[in-house]
Amino acid sequence: MSFQQPVTVDARHGSDFAGGIVEGALLRTPCGPRRIETMRPGDMVVTRCEGLQPVRMILSRKVSREEFLKSPDKAPVRIHARGVGPMMPQKPLLLAGDHQIVVPGYRVDGQPDDTPVFVRAKDLLESDETAKIDKSFSSVTFFHLVFDSHVVFMVNGLPVESFHTERSKLDRIHPEVLRKLESAIPSLRETGHVTPAARYALRDQITLLPATF
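Predicted model, so just to flag it, every value in this text is computed and none were measured. (Residues numbered from 1 in each chain as written. Predicted model: local features only at pLDDT ≥ 70, side-chain atom pairs only at ≥ 80, totals over all residues. Heavy atoms only, no water.)

(A) Summary view of the overall build of the protein chain. Scanning the protein chain for helices and strands turns up 4 helices and 16 strands. A burial count over the protein chain gives 51% of its 213 residues as buried. Sequence-distant contacts, at least 24 apart, represent 65% of the contacts inside the protein chain between residues at least 6 apart. Carbon together with sulfur atoms contributes 50% to the accessible area of the protein chain, which is approximately 10300 Å² in total. (Helix = DSSP H or I, 4+ residues; strand = E, 2+ residues; numbered from the N terminus. Buried < 20%, exposed > 50% of the residue type's maximum accessible area, 1.4 Å probe, protein only. Contact = heavy atoms within 4.5 Å. Areas by Shrake-Rupley, 256 points an atom, 1.4 Å probe, with all protein chains shown as cover.)

(B) How the structure looks around the confidence of the model for the protein chain. Across the protein chain, the average pLDDT comes to 84, with 81% of residues at 70 or higher. Averaged over each element, pLDDT in the protein chain is lowest for strand β1 (residues 12-14) (56) and highest for strand β9 (residues 93-95) (98). Taken together, the stretch residues 7-11 has pLDDT below 50 and engages in 7 contacts with residues farther than four places along the chain or on a different chain. (pLDDT = per-residue confidence, 0-100.)

(C) Summary view of the side chain of R107. Summarising the element assignment, R107 is placed in the loop between β10 (100-103) and β11 (117-120). The charged side chain of R107 is buried without a salt bridge, its nearest counter-charge being E129 at 4.1 Å. A polar contact is formed between the side chain of R107 and the backbone oxygen of G83, at a distance of 2.9 Å. (Lys, Arg positive; Asp, Glu negative; His and termini not counted. Salt bridge = Lys/Arg side-chain N within 4 Å of Asp/Glu carboxyl O. Polar contact = N/O pair within 3.5 Å; in protein donor to acceptor, adjacent residues only side chain to side chain.)

(D) Quick peek at the packing of aromatic side chains. A complete count under the given rule lists 1 aromatic pair for this structure. On the basis of an interplanar angle of 55 degrees and a centroid distance of 5.8 Å, the ring pair of F147 and F153 is categorised as tilted. For the pair formed by F147 and F153, the shared burial category is buried. Between R61 and the ring centre of F142, over which it is positioned, the NZ or CZ distance is 4.5 Å. (Phe/Tyr/Trp six-rings, centres within 6.5 Å; stacked < 30°, edge-to-face > 60°. Lys NZ or Arg CZ within 6 Å of the ring centre and 35° of its normal.)

(E) Expanded view of the environment of T207. Take T207: it is sitting in the segment after β16 (201-202). Taking the relative accessible area as the measure of exposure, T207 reaches 48% and is therefore partly exposed. In this structure the C-alpha to C-alpha distance between T207 and Q111, which are 96 residues apart in sequence, comes to 9.9 Å. When near neighbours in sequence (up to four residues on either side) are disregarded, T207 contacts R107, V108 and D109.

(F) Structural detail: the pairing of strand β4 (residues 32-35). In this sheet, β4 lies alongside strand β3 (residues 26-29) in antiparallel orientation, the contact comprising 4 bridges. Looking at the pairing, R28 lines up with P33 of β4. Here β3 hands over to β4 after 2 residues, the two strands then running antiparallel side by side. (Pairing = 2+ DSSP bridges.)

(G) Representation of the environment of E37. Mapped onto the fold, E37 is located in the loop between β4 and β5 (44-46). Relative accessible area serves as the criterion here: at 6%, E37 is assigned to the buried category. For the pair E37 and F143, spaced 106 residues apart in the sequence, the C-alpha separation amounts to 7.3 Å. In terms of polar contacts, E37 uses its side chain to reach the backbone amide nitrogen of G24, at 2.8 Å. Separated by 2.7 Å, the side chains of E37 and R35 make a polar contact.

(H) Spatial organisation of the environment of K180. On the secondary structure map, K180 appears in helix α3 (residues 175-184). Looking at K180, the relative accessible area reads 31%, which means it is partly exposed. When the C-alpha positions of K180 and M57 are compared, they lie 8.6 Å apart, and in sequence the two are 123 residues distant.

(I) Representation of unusual backbone geometry in the model. Residue P89 is bonded to the preceding M88 through a cis peptide linkage, with omega at -10 degrees. Tracing the backbone through its elements, the reader meets P89 in the loop between β8 (77-79) and β9. Of note, R82 is a non-glycine position whose phi angle comes to about 60 degrees, a positive value. Along the chain, R82 falls in the loop between β8 and β9. The backbone of M87 shows a phi angle near 60 degrees, a positive value even though the residue is not glycine.

Following this line, the structure appears as structure tokens:
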């Protein structure tokens with residue numbers, strides 16, 4: 001099987017959901033970089049907090065340019081190459097504005113240098129050298145990977161979050177998709193559909209310090 005083309009099995013489940021990474025992004029896997037649209041359940045991904053982890057489910061949604069123009073918050077955020085840190089990301093990365101990434105503490109005002117934090121991609125928009133909203137596409141497809149727990153993995157060299165199975169995010173998912181998610185991760189029923197967040201602090205309001213690298 002070639003992993004250069006999108007997998008055409010019934011592995012993805014369209015729905016409204018928070019966050020998402022735009023097709024074409026490269027994930028770090030034990031077999032080398034893989035485009036996110038070629039991933040399928042069972043594939044292994046290198047994570048920052050839990051080692052190698054299998055993908056349990058893949059969410060996807062397509063957003064058109066018409067939707068961007070009506071609701072600018074639906075347009076993807078383009079994080080520039082090296083906009084966050086040295087080789088972070090290695091090349092531009094497009095993702096949903098509410099998708100969380102990990103930013104080094106030294107880039108966040110008031111944060112200890114050695115304490116990285118979760119921030120939303122849209123929180124980087126105030127810095128022209130870091131990110132911008134990109135409405136140049138006729139449409140984009142967002143993908144979100146679901147693992148047994150909330151993890152951080154590398155995409156284009158930048159640490160980003162997986163789908164977090166918390167109540168506020170699951171409420172946006174179609175009931176049929178939620179049933180499939182429960183089938184993929186049976187423990188969700190036992191935990192009340194909540195998994196702990198990955199081990200990074202969350203900053204809702206940030207001031208990004210100028211890049212010095």
